[in-house]
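# Structure at a glance
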Amino acid sequence: MQAHQTNFSSGSVYRNILEVAVPMTIAQCLNLLYNVVDRMYIGRIEGIGSMALTGVGLCFPIITLVTAFTNLFGSGGGPLFAMERGKGNTEEAEKIMGNAFTMLVITGVILTVVGSLFYEPILYLFGASDATFPFARDYIQIYILGSVFVMVSVGMNPFINGQGFGNTGMLTILIGAVLNIILDPIFIFVFEMGVRGAALATILSQFFSAVWVMRFLTGKKAEQHLRKNCLRVQWRRLKSIMALGVSSFVMAFNNGLVQIACNVTLQTYGGDIYIGIMTVLNSVREIFTMPVSGLTNGASPVMSYNYGRKSFDRVKKAIVFVTVVCVAYTMAAWGVLRLWPEAFIRLFDGSGDLMQAGVPALHIYFFGFCFMALQFTGQCVFVALGKAGKATFFSIFRKVVMVVPLTLLLPMIPGMGVDGVFWAEPISNVIGGCVCFITMLLTILPELKKQT
């Protein structure tokens, strides 16, 4: 595929966004396949599918912790990198990229060591039972060994997209996703490795994605390169990267925190079967939020670049475009989930064991799904324009201040039980999404108008 580069400073801003967002959305959907395909195959392992799926679901908080640190340096460095490119400071842009890469590798090694040593008490703390622990253990023991590959392939992709190479960024994910789809059934069923095979297929796929990223960023086609003299970490740059990336870190970390609260509460009020249901619902949510994530992530470098160039009219147009598309899409997605919930549950549970309790839970969990788009849009704008404080606040507000307490308290209401766990998500979407978006409108738009 040709390494087409988008010029963020000219032409239609909508086209600029789509040229990055469309391949990025495809890439996000393909990235989702790493975990979703695993769950689809795992749920169909004869005799143990539902229990194995529950075991893998218990690993989500650990996986999201890896994602959180990836976001801290990748999502934090990406917008700064794009802003410096917009200002014409290409040397500084490369130093930001180099610092982010070094921290991704160091953190990946640390997470591998810590995860390998302490996975057993962590999994029991996260809600594992004696029946589900063996499946969770078999998956995480192998997955954690690929932490560095995951962090490099995903964390360095913003520096490819930030140069306008949307197609190349998509290929990063495409390579790994295709390999994962091919290797999963071979390792799981042909070699009879079960959940270990799913984990092995995932880390091997991520390894080849990481190799692709490194080859591009050190090769001739890239405009800004990953250079040895830029790898030395300097606190000034690292502080800026982490300050901006902390909102994405907190968002991912909080997802893990919410999952822990959900697993523990569901184990108390419903047992292993409801942890399996939550695993399925999280998978369905990931499927339907990927286009929103792809569009907002695609718009981010366009906003950052033009904000750096002080082209504020183009930034405003980007905000309006992203808002309209995200809200319209999520309203349509809510309708689809309302009409055909069984089809999405069957993707992950071939035996249908989870169907009876899963359909009502899905209807509750996705109620008011369109409000989630407001949170994504507001967060996207705050991060893209370097408003680290606001981005971090709203990451904490929705998940820590709202979802976790609601998850723990609502089931205590008479008649609620496990339904209270599933109601926590839509309530937080409505309140958190509206507060985040309205704050963005009241603070960012006047600033852009004043400086135009």
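### With respect to the overall build of the protein
- Of regular secondary structure, the protein possesses 17 helices and zero strands.
- Against the globule reference of 22 Å for 452 residues, the protein gives a C-alpha radius of gyration of 21 Å, in line with a compact fold.
- With the C-alpha coordinates of the protein rotated into their principal frame, the extents come out at 60 × 45 × 35 Å.
- Considering only intrachain contacts with a sequence separation of at least 6, the fraction spanning at least 24 residues in the protein is 83%.
- Of the roughly 17,500 Å² that the protein leaves accessible, carbon and sulfur atoms contribute 67%.
- Positive and negative side-chain charges in the protein, numbering 31 and 22 respectively, have mean positions lying 16 Å apart.

### Concerning the nonpolar core
- If you look at the biggest cluster of nonpolar residues, it comprises 130 residues, and the most contacted ones within it are Ile17, Leu123, Tyr139, Met156, Met303 and Phe422.
- Top element by residues in this core is helix α11 (residues 272-308). It accounts for 14 residues.

### Quick word on the packing of helix α3 (residues 60-87) against α11
- In contact at an axis separation of 8 Å, α3 and α11 are set at 20 degrees when each is read in the N-to-C sense. When the axes of α3 and α11 are compared, the pair comes out roughly parallel. Viewed along their axes, α3 and α11 form a crossing whose handedness is right-handed. Contacts between α3 and α11 pair Phe60, Pro79, Ala82, Met83, Arg85, Gly86 and Lys87 from the former with Thr279, Asn282, Ser300, Pro301, Ser304, Tyr305 and Gly308 from the latter.

### What to know about the environment of isoleucine 203
- Within the element layout of this structure, isoleucine 203 appears in helix α9 (residues 195-217).
- When the C-alpha positions of isoleucine 203 and isoleucine 26 are compared, they lie 20 Å apart, and in sequence the two are 177 residues distant.
- Once residues lying within four places of it in the same chain are set aside, the contact partners of isoleucine 203 are Ile142, Tyr143, Gly146 and Phe149.

### A short note on the confidence of the model for the protein
- With 94% of its residues at a pLDDT of at least 70, the protein reaches an overall mean of 87.
- Taken element by element, the predicted model of the protein shows its lowest mean pLDDT in helix α1 (residues 13-42) (73) and its highest in helix α4 (residues 90-125) (95).

### What about the environment of valine 148?
- Turning to its location among the elements, valine 148 is positioned in helix α6 (residues 147-155).
- By relative accessible area, valine 148 is classed as partly exposed at 21%.
- Expressed as a C-alpha distance, the spacing of valine 148 and methionine 372, which sit 224 residues apart in the sequence, is 31 Å.
- When sequence neighbours within four positions are dropped, the list of residues in contact with valine 148 reads Val105, Gly108 and Val109.

### A short note on α3
- A rise of 1.5 Å per residue sets the reference length of α3, with its 28 residues, at 40 Å; its end C-alpha atoms lie 39 Å apart and thus fit the reference within 8%.
- At asparagine 71, α3 shows its maximal kink, close to 35 degrees.
- By the criterion of burial, α3 is predominantly enclosed, with 23 of the 28 residues buried.

### Points about the pattern of salt bridges
- This model, assessed by the stated rule, comprises 11 salt bridges.
- In this structure, glutamate 84 engages lysine 87 in a salt bridge whose closest nitrogen and oxygen atoms are separated by 3.9 Å. One end of the pair, glutamate 84, and the other, lysine 87, are both in helix α3, three residues apart, so they sit about a helical turn from each other.
- Accessibility expressed as a relative area gives 47% for lysine 87, which makes it partly exposed.
- A salt bridge links glutamate 94 to arginine 227; its shortest N-O distance comes to 2.7 Å. On the criterion of sequence distance, the pair formed by glutamate 94 in helix α4 and arginine 227 in the loop between α9 and α10 (235-269) is long-range, its members being 133 residues apart.

Rules behind the numbers
- Residues numbered from 1 in each chain as written.
- Predicted model: local features only at pLDDT ≥ 70, side-chain atom pairs only at ≥ 80, totals over all residues.
- Heavy atoms only, no water.
- Helix = DSSP H or I, 4+ residues; strand = E, 2+ residues; numbered from the N terminus.
- Rg over C-alpha atoms; globule rule 2.2 N^0.38 Å.
- Contact = heavy atoms within 4.5 Å.
- Areas by Shrake-Rupley, 256 points an atom, 1.4 Å probe, with all protein chains shown as cover.
- Lys, Arg positive; Asp, Glu negative; His and termini not counted.
- Charge placed at Lys NZ, Arg CZ, Asp CG, Glu CD.
- Core = buried A, V, L, I, M, F, W, Y, C linked by side-chain atoms within 4.5 Å.
- Buried < 20%, exposed > 50% of the residue type's maximum accessible area, 1.4 Å probe, protein only.
- Axes fitted to C-alpha atoms, helices over the stretch in contact; angles between N-to-C directions.
- Parallel < 35°, antiparallel > 145°, perpendicular 65-115°, else oblique.
- Left-handed = near helix turned anticlockwise from the far one by under 90°.
- pLDDT = per-residue confidence, 0-100.
- Expected span 1.5 Å × (residues − 1).
- Bend = angle between axes of the 7 residues up to and from the residue.
- Salt bridge = Lys/Arg side-chain N within 4 Å of Asp/Glu carboxyl O.

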